[in-house]
Amino acid sequence: MNDLNTTVKVYDSPEECFEALLERVSKSYSEEEIQRVKKAYSIAAEAHAEQKRLSGEPYIMHPLNVALILSKLGMDDDSVVSAILHDTVEDTKITYDDVKSIFGQTVADLVEGVTKIGKVPLQTREEQQAENIRKMLLAMSRDIRVIIIKLADRLHNMRTLMFKPEQRRREIALETIEIYAPIAHRLGIRPIKEELEDLSISYLDPVAYHEIEENLEAQSRSRNEYLEDVKTRINERVQTLVSGAQVSGRIKSVHGIYRKMYMRNKNFDEIYDIYAVRIIVESVIDCYNCLGVIHDMFKPIPGRFKDYISTPKPNMYQSLHTTVLGKEGIPFEVQIRTWDMHHTAEYGIAAHWKYKLGVNGTQKFEERLAWIRQLLESQSDSENVEDIVSTIKSDLVPEEVFVFTPKGDVFNLPMGATVIDFAYAIHSAVGNKMVGAKVDGRIVPLDYNVKTGEIVEVITSSAQGKGPSRDWLKIVKTSQARAKIRQWYKKEKREENIIEGRNEVEKEFKRNFIRLTNEQYEEFILKIAERQHCKTLDDFYAAIGYGGISLMRMMPKIKEDYAKLTKTDEPVITITPVKKRTKSNEGVVVEGIDNCLIKFSRCCNPLPGDDIIGFITRGHGVSVHTRNCTNVPADISKAGEPERWVTAYWDNNTKEDFKCTLSIYCLNRIGMLADISNLLAGMRIMINDLSTRNTKDGRAIIMVTVSVNGVEHLNSLVAKLQKVEGVLTIERSGV
């Protein structure tokens, strides 16, 4: 069994931690490999000798704990040595060449790979985030051990996150649950994935986390008694048919319960399948035999049986899952798998090293890493960095569906994928020639969301000029489909794209009252094009035309540029700094400035909870922006007039409401506006402005300005709006 699940031991000294590491690696490493680990520790301990962590403990405790986590996963000596050294090149005098000369090219490259990944900050500019995710994917594609080391590094950092400032804790927790936990899931390393999720929730929503913990503790005795009774009964029946079967039970992770409670609006008492019974046997035939026994003993719940043996998950997870009703009427899940499947389920990709398979993978190993290459390929044609970030996140989402072709081939797709996504999953040529689809023999619309077990037949046409519709970009779920559609338009319809893009720019400029002379217009647009890395205006228009650049997302910045261009020079106001910090009437504190006028920037519409910064304007006091606003330089010190940027933060005691505009993209159905209005009224949220407009594809955009008291209030509102039937996406204007 994987002992990552056991209680985490805290070591009092580096020596004690290193002894625990040696004890573990000595069971599977050769004497030569053990000596390499000892040498790495000696070098790292000396290099980090003067450094301390925020907790006050010696810094070397961190790399040692990371190495210990990797040893529990069964990783090889190169991985463990690299973990011990992973901060030396970045934080000490030791160089890449030093590591290479002592431990070889592989260890040096692993250390450099982990260092280069750096952070994936969610609270900074989207360009920075996209670039860091690119680095992560490239490092993973070269040697997957880089990200496994990084996951162990993040896990130990999360275990000791309590020593960071509160805001930083929340930022790291959000980054972890959105990026690192899904990667751990796709690599099949369940214990790391679940612990990262649980730790993240404990910082992002501590009240809910403790509520779940208290409920589990309060009901632990009765639930454990019930589980033990079920296990005993199952074991007695299974052993008569399959000798040597092991029956065990486990509790669902806190995050798993949290998702059901707070994302499906359920009370704790309504969640019965908190515990799962697991049966491990020797062969696949034994798995199906045990399934027959379970369905004979208990009543299976329709629609809750999943055969991941014949249809493995993308991370190669295999098991039979069935949810059944006990005699007390309480449902519980049963998982049935072989020992080989169990090792894969617990160790994931790390099992490749645990069972000495080496770095040069088999075909099965290469298949497990194919999704990394697909992500890299799908983002290569997008000029829109925000799109790169969002598609990578969506492709890492754990939930998936399994859909069949009429010939019986199976395809894995993310939850919510459409028949168009399915067509492009088969082949780009199939998607490009698609004109319709049948699901289980009946014609369905192109935005139909496929479900597990359905047989989908794609209807194609070879008619001249046939190709995908631009409207498909708003329907598809996968980045692979979106990239293939854009590739087709980029290659086949350049002239049409240029005309489409130019028309869209002119229309948006008219709608936003941007009026320029021909000479001003060309110079103005060329600067915008250069910011998007387009060499000519035609390249810029074409990118907008085929969807590589989103004009709507750029408009706040364009309007700001236009305002600067047309505004007359005004005298600079002088603000006398004082030492004390004073709360303004708007609930914002500007460091070093007293009694100043505060203006919230319309380009990003900051809300309490957003990370903010102030800018001393000419004649209008201090303008407050979010830190990730397109108008805020990535490096303030290199900006023009850096002294005009000032530190600002929200007053925790503010009780005011702030206006925020949401763009709700939805199906154009009867009652949609009423449903949204009723939801807002039920939440007692003030509607300040409301407008709607239809789009060419038969959909609608509802623009609603509401009053909220901060980001958390807004996130709660958005989560509920997304559950309204027909709502496709929701965007916050100015962000």
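This structure is a prediction, so every number in the text was calculated from the model and none was measured.

The next subject is the overall build of the chain. Scanning the chain from terminus to terminus reveals 28 helices and 20 strands. Residue pairs at least 24 apart in sequence account for 67% of intrachain contacts in the chain once pairs closer than 6 positions are excluded. For the chain, the exposed area adds up to about 35800 Å²; of that, 49% sits on carbon and sulfur atoms.

Here we come to the sheet that holds strand 14 (residues 612–616). Taken together, the 5 strands give an open sheet; going across it, the order is 12-16-14-15-13, and neighbouring strands pair in mixed fashion. Each end of this open sheet is capped by a strand with a single partner; those strands are strand 12 (588–590) and strand 13 (598–600). Going from strand to strand, the sheet's axes swing by 35° on average, the running direction of each strand aside. As paired strands, strand 14 and strand 16 (residues 645–650) are joined by 3 bridges and run antiparallel to one another. Each bridged residue has a counterpart across the sheet, and for Phe615 the counterpart in strand 16 is Trp645.

It is worth spelling out the sheet that holds strand 10 (residues 442–444) at this point. Strands sit in the order 10-9-11 across an open sheet of 3 strands; the sheet is antiparallel. Edge positions in the open sheet fall to strand 10 and strand 11 (456–460), since each of these has one partner strand only. Taking the axes of each pair of neighbouring strands and ignoring which way they run, one obtains an average angle of 35° across the sheet. As defined by bridge partners, strand 9 (residues 434–439) adjoins strand 11 across 5 bridges and the pair is classed as antiparallel. Opposite Lys438, over in strand 11, you have Glu457 as the bridge partner.

With 60 residues, the main nonpolar core has Leu21, Leu70, Leu85, Leu151 and Ile192 as its most contacted residues. Filtering out sequence-adjacent residues up to four positions away, Leu151 remains in contact with Tyr180, Ile183, Ala184, Leu187, Ile189, Ile192 and Leu196. If you look at the next biggest cluster of nonpolar residues, it comprises 48 residues, including Val444, Tyr448, Val476 and Tyr546.

What follows covers the pattern of salt bridges. The tally for this structure, following the rule as stated, stands at 17 salt bridges. Here Asp229 and Arg233 are joined by a salt bridge, their closest N and O atoms 3.3 Å apart. Of this pair, Asp229 and Arg233 are both found in helix 12 (residues 206–241), 4 residues apart, which corresponds to roughly one turn of the helix. Sharing partners across several salt bridges, the network here consists of Arg36, Asp76, Asp77, Asp78 and Arg145.

With that out of the way, let us pick up helix 14 (residues 284–297). With 14 residues, helix 14 should cover 20 Å at 1.5 Å per step; its first-to-last C-alpha distance of 20 Å lies within 8% of that length. For helix 14, the set of buried residues is Asp286, Cys287, Cys290, Leu291, Val293 and Ile294. Seen from one end, helix 14 has its buried residues packed into an arc of 165°, which puts them on one side. Those residues of helix 14 that are exposed and angled more than 90 degrees off the buried face are Ile285 and Asp296.

Our focus in this paragraph is helix 4 (residues 77–85). Across the 9 residues that make up helix 4, a large majority, 9, are buried. For helix 4, the complete set of buried residues consists of Asp77, Asp78, Ser79, Val80, Val81, Ser82, Ala83, Ile84 and Leu85.

For the rest of this paragraph, the subject is the side chain of Thr626. Tracing the backbone shows Thr626 in strand 15 (residues 622–626). Discounting residues that sit within four places of it in the chain, Thr626 has contacts with Cys604, Pro606, Asp610, Asp611, Ile612 and Val632.

A few words now on the side chain of Glu175. Tracing the sequence through the fold places Glu175 in helix 10 (residues 166–186). Take Glu175: its relative accessible area is 2%, and that puts it in the buried class. A distance of 2.4 Å separates a polar atom in the side chain of Glu175 from a polar atom in the side chain of Arg154.

Next up on the list: the packing of aromatic side chains. A complete count under the given rule lists 8 aromatic pairs for this structure. Ring geometry for Phe540 and Tyr541: centres 6.1 Å apart, planes at 45°, overall tilted. By relative accessible area, which is 1% here, Phe540 ends up buried. By relative accessible area, which is 4% here, Tyr541 ends up buried. Geometrically, the ring pair formed by Phe615 and Trp645 is tilted, given 4.6 Å between the ring centres and 50° between the ring planes. Linking Phe615 in strand 14 with Trp645 in strand 16, this pair joins segments that are 30 residues apart in sequence. Here the aromatic cluster, defined as three or more aromatic residues joined through ring pairs, consists of Phe509, Tyr521 and Phe524.

Looking now at a negative patch on the surface. On the surface, a cluster of negative charge is contributed by Glu211, Glu213, Glu214 and Glu217. Here Glu213 shows up in helix 12. Note on Glu213: relative accessible area 36%, which makes it partly exposed.

Mapped onto the secondary structure, Met415 falls in the loop between strand 8 (410–414) and helix 20 (419–426). Counting along the chain gives 35 residues from Met415 to Val450, while the straight-line C-alpha distance between them is 8.2 Å.

So, on to the confidence of the model for the chain. Averaged over all residues, the pLDDT of the chain is 78; the fraction at 70 or higher stands at 81%. For the stretch residues 355–361, pLDDT sits under 50, and the model shows 12 contacts to residues farther than four places along the chain or on other chains.

On the surface, a nonpolar cluster with roughly 320 Å² of combined accessible area is contributed by Leu54, Met162 and Phe163. A relative accessible area of 43% means that Phe163 is categorised as partly exposed.

Across the interface, helix 2 (residues 31–47) lies against helix 4 with an axial gap of 9 Å and an inter-helix angle of 5°. By the angle between their axes, helix 2 is roughly parallel relative to helix 4. Contact residues: Glu33, Arg36, Val37, Ala40, Tyr41, Ile43 and Ala44 in helix 2; Asp77, Asp78, Val80, Val81, Ile84 and Leu85 in helix 4. For the contact of helix 2 with helix 4, the residue count by class is 9 nonpolar, no polar and 4 charged.

This next bit is on unusual backbone geometry. It is generally the case that most residues other than glycine have a negative phi and that most peptide bonds are trans. Of note in the backbone geometry, Asp440 takes a positive phi value of approximately 50° without being a glycine. Position of Asp440 relative to the elements: it lies in the loop between strand 9 and strand 10. Of note, Arg684 is a non-glycine position whose phi angle comes to about 60°, a positive value. Structurally, Arg684 is set in the loop between helix 27 (672–682) and strand 18 (687–694).

This part is about the environment of Arg515. Counting through the fold element by element, Arg515 comes out in the loop between helix 23 (494–511) and helix 24 (518–531). The residues touching Arg515, leaving out its near neighbours within four places in the chain, are Phe509, Lys510 and Tyr562.

Once that is clear, we can look at the environment of Asp409. Secondary-structure assignment places Asp409 in the loop between strand 7 (400–404) and strand 8. With 17 residues separating them along the chain, Asp409 and Ile426 place their C-alpha atoms 9.6 Å apart. The contacts of Asp409, once residues within four sequence positions are left out, are Val403 and Phe404.

Conventions and cut-offs
- Residues numbered from 1 in each chain as written.
- Predicted model: local features only at pLDDT ≥ 70, side-chain atom pairs only at ≥ 80, totals over all residues.
- Heavy atoms only, no water.
- Helix = DSSP H or I, 4+ residues; strand = E, 2+ residues; numbered from the N terminus.
- Contact = heavy atoms within 4.5 Å.
- Areas by Shrake-Rupley, 256 points an atom, 1.4 Å probe, with all protein chains shown as cover.
- Pairing = 2+ DSSP bridges.
- Axes fitted to C-alpha atoms, helices over the stretch in contact; angles between N-to-C directions.
- Core = buried A, V, L, I, M, F, W, Y, C linked by side-chain atoms within 4.5 Å.
- Buried < 20%, exposed > 50% of the residue type's maximum accessible area, 1.4 Å probe, protein only.
- Salt bridge = Lys/Arg side-chain N within 4 Å of Asp/Glu carboxyl O.
- Expected span 1.5 Å × (residues − 1).
- Arc of directions from axis to C-beta.
- Polar contact = N/O pair within 3.5 Å; in protein donor to acceptor, adjacent residues only side chain to side chain.
- Phe/Tyr/Trp six-rings, centres within 6.5 Å; stacked < 30°, edge-to-face > 60°.
- Patch = residues over 30% accessible without salt bridge, like charges linked within 9 Å, V, L, I, M, F, W, Y side chains within 5 Å.
- Lys, Arg positive; Asp, Glu negative; His and termini not counted.
- Charge placed at Lys NZ, Arg CZ, Asp CG, Glu CD.
- pLDDT = per-residue confidence, 0-100.
- Parallel < 35°, antiparallel > 145°, perpendicular 65-115°, else oblique.
- Nonpolar A, V, L, I, M, F, W, Y, C, P; charged D, E, K, R; others polar.

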